[in-house]
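Okay, here's what each chain looks like letter by letter:
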Amino acid sequence: MQAFAYVPIMALRPILIHPDPRLKKRADPISEVTDALRTLADDMLETMYDAPGIGLAAPQIGVSKRIIVMDCVKEDDIPPRPMVLLNPEVVWTSEKNSTYEEGCLSIPEQFGDVIRPAEAEVTWMNLDGEQMSEKFDGLWATCVQHEIDHLDGKLFIDYLGPLKRQMITRKMQKLKREKARG
Ligand code: K1U
Ligand code: ZN
(Lines give C-alpha, C1' and ligand atoms only; values in the text may rest on other atoms or scores of the structure.)
(Ligands and ions follow the chains in the order given, each with its own letter.)
Protein backbone atom coordinates (compact mmCIF):
# COMPACT_ATOMS: atom_id res chain seq x y z
CA MET A 1 0.00 0.00 0.00
CA GLN A 2 1.24 3.49 -0.83
CA ALA A 3 1.85 5.88 2.08
CA PHE A 4 0.79 9.51 1.70
CA ALA A 5 2.54 12.33 3.56
CA TYR A 6 0.28 14.53 5.70
CA VAL A 7 0.06 17.88 3.90
CA PRO A 8 -1.90 20.50 5.81
CA ILE A 9 -4.52 22.21 3.65
CA MET A 10 -5.03 25.67 5.03
CA ALA A 11 -8.30 27.50 4.68
CA LEU A 12 -9.44 31.08 4.97
CA ARG A 13 -12.18 31.40 7.57
CA PRO A 14 -14.85 34.15 7.40
CA ILE A 15 -14.37 36.84 10.08
CA LEU A 16 -17.42 37.75 12.18
CA ILE A 17 -18.47 41.39 12.13
CA HIS A 18 -19.64 43.26 15.26
CA PRO A 19 -22.34 43.18 16.59
CA ASP A 20 -22.45 39.41 17.03
CA PRO A 21 -23.18 37.55 20.29
CA ARG A 22 -20.24 35.17 19.59
CA LEU A 23 -17.86 38.14 19.96
CA LYS A 24 -19.24 38.93 23.45
CA LYS A 25 -18.79 35.45 24.97
CA ARG A 26 -15.89 34.28 27.19
CA ALA A 27 -14.00 31.57 25.23
CA ASP A 28 -13.29 28.10 26.67
CA PRO A 29 -9.78 26.99 27.76
CA ILE A 30 -7.88 24.49 25.60
CA SER A 31 -7.15 21.21 27.38
CA GLU A 32 -5.01 19.37 24.78
CA VAL A 33 -3.15 19.99 21.55
CA THR A 34 -4.71 17.96 18.74
CA ASP A 35 -4.28 17.89 14.95
CA ALA A 36 -7.61 19.74 14.70
CA LEU A 37 -6.16 22.52 16.88
CA ARG A 38 -3.02 22.70 14.69
CA THR A 39 -5.26 23.04 11.62
CA LEU A 40 -7.27 25.78 13.38
CA ALA A 41 -4.00 27.65 14.17
CA ASP A 42 -2.83 27.35 10.52
CA ASP A 43 -6.22 28.61 9.29
CA MET A 44 -6.13 31.53 11.73
CA LEU A 45 -2.65 32.59 10.60
CA GLU A 46 -3.65 32.37 6.95
CA THR A 47 -6.84 34.34 7.62
CA MET A 48 -4.88 37.01 9.58
CA TYR A 49 -2.21 37.47 6.87
CA ASP A 50 -4.86 37.53 4.14
CA ALA A 51 -7.03 40.20 5.86
CA PRO A 52 -4.39 41.73 6.38
CA GLY A 53 -4.04 42.02 10.14
CA ILE A 54 -1.45 41.75 12.89
CA GLY A 55 -3.55 39.52 15.15
CA LEU A 56 -6.63 37.30 15.29
CA ALA A 57 -8.52 35.54 18.10
CA ALA A 58 -10.55 32.34 17.58
CA PRO A 59 -13.91 33.95 18.60
CA GLN A 60 -13.51 36.25 15.57
CA ILE A 61 -13.99 33.20 13.34
CA GLY A 62 -16.80 31.84 15.51
CA VAL A 63 -14.66 29.37 17.50
CA SER A 64 -15.08 29.75 21.27
CA LYS A 65 -11.57 28.57 22.24
CA ARG A 66 -8.72 30.42 23.97
CA ILE A 67 -6.30 30.62 21.03
CA ILE A 68 -4.81 33.72 19.44
CA VAL A 69 -2.34 34.29 16.63
CA MET A 70 -0.26 37.37 15.92
CA ASP A 71 2.63 38.76 13.91
CA CYS A 72 3.42 42.42 14.52
CA VAL A 73 6.55 42.54 12.34
CA LYS A 74 5.88 45.34 9.86
CA GLU A 75 9.40 45.96 8.51
CA ASP A 76 10.24 44.37 5.14
CA ASP A 77 13.86 43.68 6.21
CA ILE A 78 12.87 41.70 9.35
CA PRO A 79 11.63 38.09 8.98
CA PRO A 80 7.99 37.44 9.91
CA ARG A 81 7.29 36.09 13.42
CA PRO A 82 4.01 34.12 13.34
CA MET A 83 2.98 33.34 16.92
CA VAL A 84 0.31 30.94 18.20
CA LEU A 85 -0.70 31.35 21.86
CA LEU A 86 -2.96 28.83 23.64
CA ASN A 87 -4.63 29.83 26.94
CA PRO A 88 -2.71 33.16 27.04
CA GLU A 89 -2.77 35.05 30.34
CA VAL A 90 -1.49 38.50 31.26
CA VAL A 91 0.53 37.97 34.45
CA TRP A 92 2.13 41.43 34.79
CA THR A 93 1.62 44.88 33.31
CA SER A 94 3.74 48.03 33.51
CA GLU A 95 2.51 51.11 35.36
CA LYS A 96 3.43 53.15 32.29
CA ASN A 97 0.62 53.31 29.70
CA SER A 98 0.66 53.87 25.96
CA THR A 99 -2.06 55.10 23.62
CA TYR A 100 -2.56 53.46 20.23
CA GLU A 101 -5.21 54.12 17.60
CA GLU A 102 -6.56 50.56 17.40
CA GLY A 103 -8.54 48.86 14.67
CA CYS A 104 -10.19 45.44 14.59
CA LEU A 105 -10.86 42.98 11.78
CA SER A 106 -14.36 42.48 13.29
CA ILE A 107 -15.00 46.25 13.12
CA PRO A 108 -13.64 47.13 9.66
CA GLU A 109 -12.44 50.65 8.86
CA GLN A 110 -13.18 52.02 12.35
CA PHE A 111 -10.45 53.25 14.68
CA GLY A 112 -10.19 54.69 18.16
CA ASP A 113 -7.54 55.65 20.72
CA VAL A 114 -7.15 53.02 23.44
CA ILE A 115 -4.95 53.46 26.52
CA ARG A 116 -3.35 50.23 27.75
CA PRO A 117 -0.27 49.25 29.78
CA ALA A 118 2.84 49.87 27.64
CA GLU A 119 4.34 46.48 28.58
CA ALA A 120 2.67 43.16 29.38
CA GLU A 121 4.12 39.84 30.46
CA VAL A 122 2.08 36.95 29.06
CA THR A 123 2.19 33.20 29.71
CA TRP A 124 0.75 30.65 27.30
CA MET A 125 1.07 27.09 25.99
CA ASN A 126 2.56 26.55 22.51
CA LEU A 127 1.54 23.94 19.92
CA ASP A 128 4.17 21.54 21.36
CA GLY A 129 2.39 21.70 24.73
CA GLU A 130 5.23 23.72 26.31
CA GLN A 131 4.60 26.52 28.81
CA MET A 132 5.94 29.84 27.48
CA SER A 133 6.40 33.34 28.90
CA GLU A 134 7.40 36.66 27.31
CA LYS A 135 7.37 40.34 28.14
CA PHE A 136 5.91 42.28 25.20
CA ASP A 137 6.27 46.00 24.48
CA GLY A 138 5.35 48.44 21.70
CA LEU A 139 2.81 47.23 19.14
CA TRP A 140 3.23 43.61 20.37
CA ALA A 141 2.01 44.63 23.86
CA THR A 142 -0.99 46.48 22.42
CA CYS A 143 -1.85 43.61 20.09
CA VAL A 144 -1.55 40.78 22.64
CA GLN A 145 -3.82 42.67 25.08
CA HIS A 146 -6.35 43.39 22.28
CA GLU A 147 -6.40 39.68 21.32
CA ILE A 148 -6.74 38.40 24.92
CA ASP A 149 -9.63 40.85 25.34
CA HIS A 150 -11.35 39.05 22.42
CA LEU A 151 -11.11 35.79 24.43
CA ASP A 152 -12.97 37.55 27.25
CA GLY A 153 -15.68 38.94 24.94
CA LYS A 154 -14.26 42.47 25.02
CA LEU A 155 -13.78 44.74 21.99
CA PHE A 156 -11.63 47.88 21.67
CA ILE A 157 -14.80 49.98 21.31
CA ASP A 158 -15.66 49.02 24.92
CA TYR A 159 -12.83 51.40 25.94
CA LEU A 160 -14.34 54.33 23.98
CA GLY A 161 -17.03 56.75 25.12
CA PRO A 162 -20.68 55.64 24.70
CA LEU A 163 -21.40 58.05 21.84
CA LYS A 164 -18.45 56.93 19.68
CA ARG A 165 -19.17 53.26 20.53
CA GLN A 166 -22.82 53.66 19.50
CA MET A 167 -21.89 55.47 16.27
CA ILE A 168 -19.48 52.66 15.30
CA THR A 169 -22.02 49.95 16.20
CA ARG A 170 -24.68 51.62 14.01
CA LYS A 171 -22.21 51.82 11.09
CA MET A 172 -21.46 48.10 11.50
CA GLN A 173 -25.19 47.22 11.61
CA LYS A 174 -25.65 49.14 8.34
CA LEU A 175 -22.62 47.40 6.79
CA LYS A 176 -24.02 43.99 7.76
CA ARG A 177 -27.46 44.84 6.30
CA GLU A 178 -25.81 45.90 3.03
CA LYS A 179 -23.64 42.74 2.92
CA ALA A 180 -26.72 40.55 3.56
CA ARG A 181 -28.54 42.21 0.63
CA GLY A 182 -25.55 41.36 -1.57
O1 K1U B 1 -7.89 41.37 16.48
C2 K1U B 1 -8.02 41.96 15.42
O3 K1U B 1 -9.11 42.35 15.07
C4 K1U B 1 -6.82 42.22 14.57
C5 K1U B 1 -6.33 43.65 14.70
C6 K1U B 1 -5.26 43.68 15.78
C7 K1U B 1 -4.88 45.01 16.34
C8 K1U B 1 -4.74 46.14 15.56
C9 K1U B 1 -4.36 47.34 16.12
C10 K1U B 1 -4.12 47.41 17.45
C11 K1U B 1 -4.26 46.31 18.21
C12 K1U B 1 -4.64 45.10 17.67
C13 K1U B 1 -5.75 44.08 13.35
O14 K1U B 1 -4.85 43.49 12.88
S15 K1U B 1 -6.48 45.42 12.58
C16 K1U B 1 -5.45 45.65 11.12
C17 K1U B 1 -4.14 46.28 11.41
O18 K1U B 1 -3.95 46.84 12.47
C19 K1U B 1 -3.06 46.26 10.40
C20 K1U B 1 -3.26 45.72 9.16
C21 K1U B 1 -2.22 45.71 8.24
C22 K1U B 1 -1.00 46.23 8.56
C23 K1U B 1 -0.81 46.77 9.80
C24 K1U B 1 -1.83 46.78 10.71
ZN1 ZN C 1 -9.97 42.78 17.18
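The structure contained in this document is the topic of the report that follows. Every value quoted in this text rests on a predicted model; they were computed, and no experiment measured them.

## Things to note about the coordination of the zinc ion (ligand 2)
(1) Moving on: For the zinc ion (ligand 2), the protein coordination sphere consists of Cys-104 (SG), His-146 (NE2) and His-150 (NE2), at 2.1 to 2.3 Å.
(2) Moving on: As a motif over one chain, the donors of the zinc ion (ligand 2) read C-x41-H-x3-H. With Cys-104 in strand S4 (residues 97-104) and His-146 in helix H2 (residues 138-151), this pair connects stretches of sequence that are 42 residues apart. The residues Cys-104 and His-146 share a single accessibility class, namely buried.

## Here we look at the site of ligand 1
(1) Moving on: Around ligand 1, the surrounding shell holds 16 residues, and the nearest of these are Ile-54, Gly-55, Gln-60, Leu-105 and Glu-147.
(2) Moving on: A distance of 2.7 Å separates an oxygen atom of ligand 1 from a polar atom in the backbone of Leu-105.
(3) Moving on: Those elements that place two or more of their residues in the shell around ligand 1 are S4 and H2.
(4) Moving on: Residues that form the shell around ligand 1 fall into these classes: 6 nonpolar, 7 polar and 3 charged.

## Comments concerning the nonpolar core
(1) Moving on: Counting 17 residues, the largest nonpolar core has Ile-68, Met-70, Met-83, Leu-85, Val-122, Phe-136 and Val-144 as the members making the most contacts within it.
(2) Moving on: The dominant element in this core, judged by the number of residues it contributes, is H2, at 7 residues.
(3) Moving on: If we ignore the near neighbours within four places in the chain, the residues touching Ile-68 are Met-44, Leu-56, Ala-57, Met-83, Val-84, Leu-85, Pro-88, Val-144, Glu-147, Ile-148 and Leu-151.

Analysis parameters
- Residues numbered from 1 in each chain as written.
- Chains lettered and ligands numbered in written order.
- Predicted model: local features only at pLDDT ≥ 70, side-chain atom pairs only at ≥ 80, totals over all residues.
- Heavy atoms only, no water.
- Donors = N, O, S within 2.8 Å, 3.2 Å for Na, K, Ca; no water.
- Helix = DSSP H or I, 4+ residues; strand = E, 2+ residues; numbered from the N terminus.
- Buried < 20%, exposed > 50% of the residue type's maximum accessible area, 1.4 Å probe, protein only.
- Near = heavy atom within 4 Å.
- Polar contact = N/O pair within 3.5 Å; in protein donor to acceptor, adjacent residues only side chain to side chain.
- Nonpolar A, V, L, I, M, F, W, Y, C, P; charged D, E, K, R; others polar.
- Core = buried A, V, L, I, M, F, W, Y, C linked by side-chain atoms within 4.5 Å.
- Contact = heavy atoms within 4.5 Å.

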